[in-house]
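Examination of the molecular architecture
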Amino acid sequence: MYALVVKFDLFDAEKAAGFDQLVADTVKSITEYEPGTLVYATNTVEGEPLSRIFYEVYRDREAFEEHERQPHTRRFLDQRNEYVASFRVEFLTPLVAKGLPTAD
């Protein structure tokens, strides 16, 4: 399993609406074309209306790399800077969890 969390801070409410639409379009394609993407959850942050958190879990690193090569992901990465003031990526090492596959 390969997992990460990304926090995006957006420029303003108008940009946040555009970002949310870009994300919705991207997640639709992730759902349709990426069997190795196990979880791709996008979230708002309570009390921070211009922040978004993505929680991503992939079958393995190769599934993540395949995700990064997809045209819909490339489109998202190319367009995100129009909406995003800053972002931070945290790569995770899962320990114990409910609802996620365990390492064999």
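One structure accompanies this document, and this report is about it. It should be emphasised that the depicted structure is a prediction, and the values quoted were computed from it without experimental measurement.

The rules we used
Along each chain, the written sequence defines residue order, and numbers are assigned to residues from 1. pLDDT decides what is reported in this predicted model: residues at 70 or higher carry local features, side-chain atom pairs at 80 or more are listed and counted, and totals for whole chains, interfaces and linings draw on all residues regardless. In computing side-chain properties, one takes all heavy atoms of the structure into account and sets aside hydrogens as well as water. Think of it this way: DSSP has to see at least two bridges between two strands before they count as a pair. For the purposes of this entry, the term helix denotes a DSSP run of H or I that reaches at least four residues, the term strand denotes a run of E that reaches at least two, and both are numbered from the N terminus. Simply put, an axis is a line fit to the C-alpha atoms, just over the touching stretch for a helix, and the angle between two N-to-C directions goes from 0 to 180 degrees. Contact between two residues is taken to exist if any of their heavy atoms lie within 4.5 Å; hydrogens are not considered. In summary, the pairing rule links any two rings of Phe, Tyr or Trp, Trp by its six-membered ring, whose centres are within 6.5 Å, and it sorts them by plane angle into stacked for under 30 degrees, edge-to-face for over 60 and tilted for everything else. Exposure is judged per residue with a 1.4 Å probe applied to protein chains only, and the accessible area is read against the type maximum: over 50% gives exposed, under 20% gives buried, and values in between give partly exposed. For salt bridges, the criterion is a side-chain nitrogen of Lys or Arg within 4 Å of an Asp or Glu carboxyl oxygen.

Now for the sheet that holds strand β3 (residues 48-58). Ordered in space as β2-β3-β1-β4, the four strands form an open sheet in which the pairing is antiparallel. Looking at which strands have only one partner, the edges of the open sheet turn out to be β2 (37-45) and β4 (84-92). Put simply, the sheet's adjacent strands are angled 15° from each other on average, direction ignored. Direction of pairing for strand β1 (residues 2-10) relative to β3: antiparallel, over a ladder of eight bridges. Residue pairing across strands places Val5 opposite Tyr55, the latter belonging to β3. Against the sheet, helix α1 (residues 13-33) contacts β1, β2, β3 and β4, and its axis sits at roughly 15° relative to β3. Sitting on the sheet, helix α2 (residues 61-69) is in contact with β1, β2, β3 and β4, with an inclination near 130° to β3.

Here the focus is the packing of aromatic side chains. One pass over the structure, following the stated rule, counts 13 aromatic pairs. Between the aromatic rings of Phe8 and Phe19, the centroid separation amounts to 5.2 Å while the plane-to-plane angle is 55°, which identifies the pairing as tilted. Note that Phe8 is positioned in strand β1 and Phe19 in helix α1, a separation of eleven residues in sequence. Exposure remark for Phe8: the relative accessible area of 2% places this residue in the buried category. Classification of Phe19 by relative accessible area gives buried; the value is 0%. Cluster of aromatic residues (ring-pair linked, three or more members): Phe8, Phe19, Tyr40, Phe54, Phe76, Tyr83 and Phe87.

Under the defined criterion, the tally for this structure stands at seven salt bridges. With a shortest N-O distance of 2.8 Å, Arg69 and Glu66 are connected by a salt bridge. Here Arg69 pairs with Glu66, and both are found in helix α2, just three residues apart, close to one helical turn. Two residues, Glu90 and Arg88, come together in a salt bridge whose shortest N-O distance is 2.3 Å. Accessibility expressed as a relative area gives 32% for Glu90, which makes it partly exposed. When its relative accessible area of 57% is taken as the criterion, Arg88 is described as exposed. Sharing partners across several salt bridges, the network here consists of Glu62, Glu66 and Arg69.

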